[in-house]
Structure formats: structure tokens, C-alpha cells
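What follows is the residue order along each chain.
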Amino acid sequence: MTAEPERRIVTVADTAGMATAAAERLVARIGANAGRIAICLSGGSSPQQLYRLLASDAWRNRIPWDRVHWFIGDERVVPESSPLSNMGEARRLLLGQFAPASHIHGVPILASPDESAERYARELTSFYGADELNPDRPLFDLVLLGVGPDGHAASLFPGDAALDEIERWVVGVQRAPVEPLVPRVTLTLPALGSCREMLFQVAGSGKRAILTRLLDGEDLPANSARSSAGETVWLVDKAALPEDARGQ
Ligand code: 6PG
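Q: Quick rundown of the site of the ligand? Include the residues and the values.
A: The local shell around the ligand holds 15 residues, among which Ser46, Asp74, Asn86, Ala154 and Lys207 are the closest. At 2.4 Å, a side-chain N or O of Ser46 approaches an oxygen atom of the ligand. Within the side chain of Asn86, a nitrogen or oxygen atom sits 2.7 Å from an oxygen atom of the ligand. Surface burial for the ligand is 88%, taken as the share of its 410 Å² of free accessible area covered by protein chains. For the shell around the ligand, the per-class residue count stands at 3 nonpolar, 8 polar and 4 charged.

Q: Account for the packing of aromatic side chains, with residues named and values stated.
A: All told, the structure shown has 6 aromatic pairs when counted by the stated rule. Plain terms: the ring middles of Trp65 and Trp70 are 5.6 Å apart, the flat faces sit at 35° to each other, and that makes the pair tilted. When its relative accessible area of 0% is taken as the criterion, Trp70 is described as buried. Both rings, one in Phe200 and one in Trp234, keep their centres 4.3 Å apart while their planes meet at 25°; by these two values the pair is stacked. Of the two residues, Phe200 sits in strand β8 (residues 195-202) while Trp234 sits in strand β9 (residues 231-237), which places them 34 residues apart along the sequence.

Q: Outline the side chain of His105, supporting the account with residue identities and numerical values.
A: As for its position among the elements, His105 is in the loop between α4 (86-98) and α5 (113-128). Side chain to side chain, His105 and His69 meet in a polar contact 2.8 Å long. One polar contact links His105 to Glu123, side chain to side chain, over a distance of 2.5 Å.

So, how was this worked out
Residues numbered from 1 in each chain as written. Predicted model: local features only at pLDDT ≥ 70, side-chain atom pairs only at ≥ 80, totals over all residues. Heavy atoms only, no water. Near = heavy atom within 4 Å. Polar contact = N/O pair within 3.5 Å; in protein donor to acceptor, adjacent residues only side chain to side chain. Areas by Shrake-Rupley, 256 points an atom, 1.4 Å probe, with all protein chains shown as cover. Nonpolar A, V, L, I, M, F, W, Y, C, P; charged D, E, K, R; others polar. Phe/Tyr/Trp six-rings, centres within 6.5 Å; stacked < 30°, edge-to-face > 60°. Buried < 20%, exposed > 50% of the residue type's maximum accessible area, 1.4 Å probe, protein only. Helix = DSSP H or I, 4+ residues; strand = E, 2+ residues; numbered from the N terminus.

So, in C-alpha cells, the structure goes:
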């Protein structure tokens with residue numbers, strides 16, 4: 001039996017501290033790889049402050065834009081121009097200003113989520129250069145994730161069959177049980193886990209209830225998402241920490 005990979009909780013004061021800590025980790029991951037770098041971004045509101053920080057004068061020059069490729073862990077099935085689009089938001093806040101267009105790998109919105117998922121999987125396998133993940137050669141240098149109110153991560157929702165997927169790297173999700181109620185496309189646990197570092201951002205008092213359940217070890221998707229090849233780090237701000245962990 002192999003032991004479950006460890007997860008480390010890092011507490012930060014507030015959302016500004018979280019963005020800075022996440023930016024430092026992202027730049028450190030980039031610094032650790034002299035070749036081509038792959039970063040998988042997350043959606044929702046959690047990474048927005050990080051994206052704005054990375055776009056600032058103090059940070060943008062710390063990113064070798066010509067060596068970094070950007071992917072997304074899950075996408076809502078909406079046009080990229082919609083404010084709901086995860087890659088659309090990353091592009092508006094950060095990538096559109098600095099990343100070469102060919103380095104921004106968004107999920108194509110096709111006739112069905114399954115079709116989009118299949119096409120995105122092909123994009124990932126072609127980038128990786130193989131259609132099987134090799135534990136010694138992670139797909140991503142860094143995977144960013146957030147936690148939903150029901151304990152979902154990316155668009156892997158509690159009880160969904162997508163959680164059991166071990167072959168496919170990307171799947172379509174016809175129905176999302178939380179807002180926004182649009183179909184999704186999500187990377188699966190093996191694809192997300194193929195990274196040197198998985199970095200969650202969990203902030204605000206609105207996350208305290210679900211974080212309490214997750215830290216209690218409840219069987220929820222966010223607890224199943226782990227880097228299989230490296231570190232799993234949860235950045236948690238003071239407002240999101242359960243009562244009994246505050247002040248620690
Ligand atoms: C999405 C996400 C999702 C998100 C969490 C947290 O498309 O909705 O990728 O997994 O990270 O729901 O969302 P917030 O950051 O908005 O709280």
C-alpha cells in the first residue's frame with residue numbers, strides 16, 4: 001500500500017498575503033525549471049488577486065513569458081468573452097497583456113462538453129508528448145486550485161463519476177450542482193495530480209464551514225486532489241480558518 005501524499009497547510013494573514021505567497025511560489029516553481037514551464041490555472045474568484053498582482057510592474061518581469069505555457073484546470077461552458085469564463089478572466093487580468101497567444105491553452109468551446117474535453121485532452125497530450133502520464137515527468141510545474149462551498153475542486157463535484165476517472169485526462173460535466181449552473185469541462189484527478197506542486201487558495205469567512213469539514217478529513221473532492229509527484233500546499237487565510245485553528 002502506498003501512503004497518501006502529504007498536504008501542507010500554510011496560513012497567511014489575508015487575501016493580500018495570500019496573493020503574495022502564491023506569487024512567490026509560482027515564481028519559485030518557474031525558477032526551478034530552466035526549460036519549458038506548464039502552469040495550470042484555476043477559476044472562480046480565488047485566483048483573481050494573484051492574477052492582478054502578477055500583472056503589476058513589480059511582478060510581471062519575474063516571469064519569463066516566452067518559456068511559460070498556461071492551461072486551465074476547469075472551464076465553464078460559456079464563450080471566453082463571458083465574465084464567467086475562467087480562462088477569459090485569466091486572460092483579461094493577466095495573460096492577455098503578456099503571454100504569447102500560442103502559450104494560452106484555453107478549453108475550446110465546442111458542440112458539447114464531452115467534445116470540448118476530448119479536444120482539450122488532445123491539446124494536453126500533444127503538449128506533453130505522450131498520452132500516458134509518467135510519474136517521473138509531471139505534466140505541470142504548478143497546478144492552482146480553489147475550493148467550492150460543497151468541497152469541489154476544479155469541476156470535480158461530490159458524488160460525480162468524474163472523480164473515479166483514471167484513464168481520461170479531461171472530462172465533460174453536463175450539470176454543475178453549484179453556481180454558475182452551466183456545464184463544465186474539467187481535468188481529472190490523475191491529470192491535476194501530475195504536477196510538481198498543487199497549490200490551493202482558500203480565503204474568506206465564507207470558506208470556513210467547508211474548510212472545517214475538509215480539515216476533518218471528510219471524503220470530498222478537494223481532499224482527493226493531491227500532487228502525485230510533488231508537493232500539495234493549501235494557502236489558507238485567517239478568516240477561512242476554523243475557530244479552533246485560529247490564532248495558531
Ligand atoms: C470554477 C472553479 C472552482 C473554483 C471553486 C472556488 O470554475 O468554479 O474552478 O473549482 O475554484 O468553486 O471558487 P471561488 O474562488 O469563486 O470561491
